[in-house]
Amino acid sequence: MCGIMGYIGPREAVPIIMEGLQKLEYRGYDSSGVAIIEDGVLNVYKKVGKLAELKNQLNGMTFTAMSGIGHTRWATHGRPSDVNAHPHADCQGRFAVVHNGIIENYLPLREWLISMGHKFLSETDTEVLSHLLEEFYEGDLVQTVLRVIDKIEGSFAMVILSLDEPGTIVAARQDSPLVVGLGEGENFLASDIPALLAHTRRTYILADGEIAVLTREGVQVIDQFGNSVEKPVFEVKWEAAQAEKGGFDHFMLKEIHEQPSALKDTLSGRINPDGTGVLLNEITMTPEELKNINKIYITACGTAYHAGLVGKHVIEKLARIPVEADIASEFRYRDPMIDDKTLLIVVSQSGETADTLAAMREARRRGAKAIAVTNVVDSTVAREADYVLYTWAGPEIAVASTKAYTTQLMAMYLLALYFAERRGTMPREELKTVIREMKKLSDKVKVILDNCQAIDKFVAEYSHCGSAFFIGRGLDHTVAQEGALKLKEISYMHAEAYAAGELKHGTLALIIQGVPVIALATQQALFEKMVSNIKEVKARDATVIALAMEGIKEVEKVADHVMHIPSTHPVLAPILSVVPLQLLAYRMAVARGSDVDQPRNLAKSVTVE
Ligand code: F6R
């Protein structure tokens, strides 16, 4: 995720900003920049690549500015490049803006601003902010920021430097973190606490809708109506390493907790304002091409493949197109039947996985069109595919994938609805219901994260076990596979996922007294069958922890422990049911003392076949 650093005070701003940005490097980024006011001119310096590139550019220059803003960008709208890097200025160079988040309605705003004569230099959503400031400014920066906020939709942490009011820095927050650092005769802004620790431990954590006005002398916080807000000072007690993880013990746990906001970002700008349909401007297939698709292959590796399995279920169910989900390392060697009516969907967090890339190249060589679902803008998979749907989950640092998976699922739902709508396979009312439920998923994930105490009890009892089984039917089976993979890779406990009805064809022999079985039973239509399977393993004295949707009471009669997820449309259950399984794997790994963020033998990006 992008990093922000701002400074106003009596010291030279550039070294302070550069040092702050360096402290945010762990968050991942692809370009960086700073803006300062010197001798009555707003100067912006920015560079693609690592901070060292920007440092090289600044090397040998002398700066006297005592206020400024800086940014490390992780690309979402527009590839990593010098021009797309932040800060972004307006036409006259009077405002510089750095921004984290996504401005959902940037396209109509951009069109409107262009019609008003504004000239855009970058492909970013952020640049509309500097031009809106220019358009609305009438001598009061704070009032102008309030007006701009009123016009924009989406998530933002934005920080603004203005030539007209050089003694002030204004910042605003909605759904994207921003922290004020309180100094003596100087003040700071950052997207994350590690950037502030060298200077102060006294902070204001801005809340959604709040605006901070920084001068050398002090910081005023107001709400979106301009009313003053009394902020309690938050004294940071964390050490630097813990602060990088936002106070969590591991990046994996932090990323699990980032899922509510990541899911919102994936949906951002992709639903009609009236909630009646899906907008995927990035898929520019003609209606004819869409109609002609007679088969879809989804190919990927590991967790991304598990997202593909959910994609298969939902696309077949909602859009009625036959789909095969394939492990990428198998796909290219099995002579798949592909022609120009075949669509390939590749799923890859990193966009660099060698097997996935090779599978896509092979399918395209045989005439298929490819949609890439990826998290990394301008990655190789993104560059080579015909169409790209970015997941906008923000960088994932832990090796074990969590927020990348749930956002990949969200992308699968968007694609399924997109095909269903355009091919007319879904009643309009049902489409609207699924969309309405998709929008609620982020809040429901939060509910799960706040209520997961049952997991601790289970972990305390079973962390010594050698083996665990995950069972489920249909969509639940796909999530069971992801749950088992998570448990294996970070806790090193042997785990297997089975289609619940398949157990009795062999694997049941391994189910003996005390073996933990995690049974997913979120699908009402398959519930009775799942109850029979739970009874089967209970009859062999296994201990069953069941995962069911709220309201399904009968499960308590058959399972030893029950975890509930909030109720939702059945096709959407995987986004919710995987969260307790991620937490289960995490807690088990901690209890067993393994290295959660860097599990043995594994790498984040697998660029060899
Ligand atoms: C497991 C995990 C891996 C990746 C797989 C594909 O937690 O992260 O299974 O999902 O290596 O990586 P990407 O998605 O980058 O292609």
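Structure first, text after, so check above.
Everything quoted here is computed from the prediction, not taken from an experiment.

Draft legend 1. Expanded view of the sheet that holds strand E6 (residues 95-103). Read from one edge of the open sheet, six strands run E5-E6-E7-E8-E12-E13, paired in antiparallel fashion. This sheet does not close on itself; its edge strands, each paired only once, are strand E5 (88-89) and strand E13 (219-222). In the sheet, strand E8 (residues 169-174) pairs with strand E12 (residues 211-214) via four bridges, with the strands oriented antiparallel. Along E12, the bridge assignment pairs Ala-172 with Ile-211.

Draft legend 2. Representation of unusual backbone geometry within the structure. Put simply, His-86 and Pro-87 share a cis peptide bond, and its omega is 0°. Looking at the element boundaries, Pro-87 is found in the loop between strand E4 (67-73) and E5. The phi angle at Asp-378 is positive, at roughly 70°, despite the residue not being glycine. Residue position: Asp-378 is located in the loop between strand E18 (369-374) and helix H13 (380-384).

Draft legend 3. Highlighting the pairing of strand E10 (residues 187-190). Residues of E10 alternate between two faces, with Asn-187 and Leu-189 on one and Phe-188 and Ala-190 on the opposite face, all of them buried. Note: strand E1 (residues 3-8) against E10, four bridges, orientation antiparallel. Across the sheet, residue Met-5 finds its bridge partner in E10, namely Ala-190. Bridge count for strand E9 (residues 179-182) against E10 is four bridges, and the pairing is antiparallel. Note that in E10 the partner of Gly-181 across the bridge is Phe-188.

Draft legend 4. Representation of helix H16 (residues 453-462). Listed in full, the buried residues belonging to H16 are Ile-455, Phe-458, Val-459 and Tyr-462. The arc that holds every buried residue of H16, seen down its axis, measures 100°, which confines them to one face. Facing away from the buried surface of H16 by more than 90 degrees, the exposed residues are Gln-453, Lys-457 and Ala-460. Lining the buried residues of H16 we find strand E22 (516-521), strand E23 (543-549), strand E24 (561-565) and helix H20 (573-592).

Definitions and cut-offs
Residues numbered from 1 in each chain as written. Predicted model: local features only at pLDDT ≥ 70, side-chain atom pairs only at ≥ 80, totals over all residues. Heavy atoms only, no water. Pairing = 2+ DSSP bridges. Helix = DSSP H or I, 4+ residues; strand = E, 2+ residues; numbered from the N terminus. Buried < 20%, exposed > 50% of the residue type's maximum accessible area, 1.4 Å probe, protein only. Arc of directions from axis to C-beta. Contact = heavy atoms within 4.5 Å.

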